[in-house]
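Structural overview for review
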Amino acid sequence: MPAPAPGTRRRMDEVPLRQEWIQRAACADEDPDLFFPVGSTGPAERDQEEAKRVCERCPVARQCLTYALRSGQTSGVWGGKDEGELAKLRRKRRGAADREPVGQEIRRAG
Ligand code: SF4
């Protein structure tokens, strides 16, 4: 089962409480189906675009996107990015990590 996106209080309950940013999420009272549309055409596409508009006015979009990437979310809209865009960002990050000289990532993490 895919991990939930923070599109509703129900889903937000599943984001670890230490993620303080979730308290300021613009999607707190939005319809969860907007953030987790089934499919990618027709009504699902419209829902996804509406979710992204909510994200545009969200004060914690950056934190949301970072959380999604770090926790490996593969479905839903997070930080204004849809599934395809999240996948592209993950590939880009992986590529950057692969090109990083050995030891640099360890130094950054430390
Ligand atoms: S960026 Fe979008 S999905 Fe993330 S918390 Fe804000 S409104 Fe919700």
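Residues numbered from 1 in each chain as written. Predicted model: local features only at pLDDT ≥ 70, side-chain atom pairs only at ≥ 80, totals over all residues.

Re the confidence of the model for the protein chain
Looking at the protein chain as a whole, the pLDDT averages 81, with 75% of positions reaching at least 70. In the model of the protein chain, helix α6 (residues 104-109) stands out as the element of lowest mean pLDDT, 50, in contrast to helix α3 (residues 43-56), which has the highest, 95. Below a pLDDT of 50 lies the segment residues 1-6, which in the model reaches 20 contacts outside its immediate sequence neighbourhood of four places, other chains included. (pLDDT = per-residue confidence, 0-100. Helix = DSSP H or I, 4+ residues; strand = E, 2+ residues; numbered from the N terminus. Contact = placed C-beta atoms within 7 Å.)

Topic: the nonpolar core
In terms of nonpolar packing, the biggest core is built from 17 residues, with A25, F35, A51, C55, C58 and C64 touching the most fellow members. Elements that contribute at least two residues to this core include exactly α2 (32-35), α3 and α4 (61-70). (Core = buried A, V, L, I, M, F, W, Y, C linked by C-beta atoms within 7 Å. Buried ≥ 20, exposed ≤ 12 C-beta atoms within 10 Å, placed from the backbone.)

Quick notes on the UniProt feature "binding site: [4Fe-4S] cluster" (unreviewed entry) in the protein chain
Mapped onto this structure's residue numbering, the UniProt feature "binding site: [4Fe-4S] cluster" (unreviewed entry) falls at C27, C55, C58 and C64. Sequence-wise these annotated residues cover 38 residues; spatially they are packed, their C-alpha atoms never more than 11.0 Å apart. Accessibility expressed as a C-beta count within 10 Å gives 23 for C55, which makes it buried. When near neighbours in sequence (up to four residues on either side) are disregarded, C55 contacts A61, V77, G79 and G80. Among the secondary structure elements, C64 is positioned in helix α4. (UniProt positions renumbered as here; feature names shortened; annotations may be inferred.)

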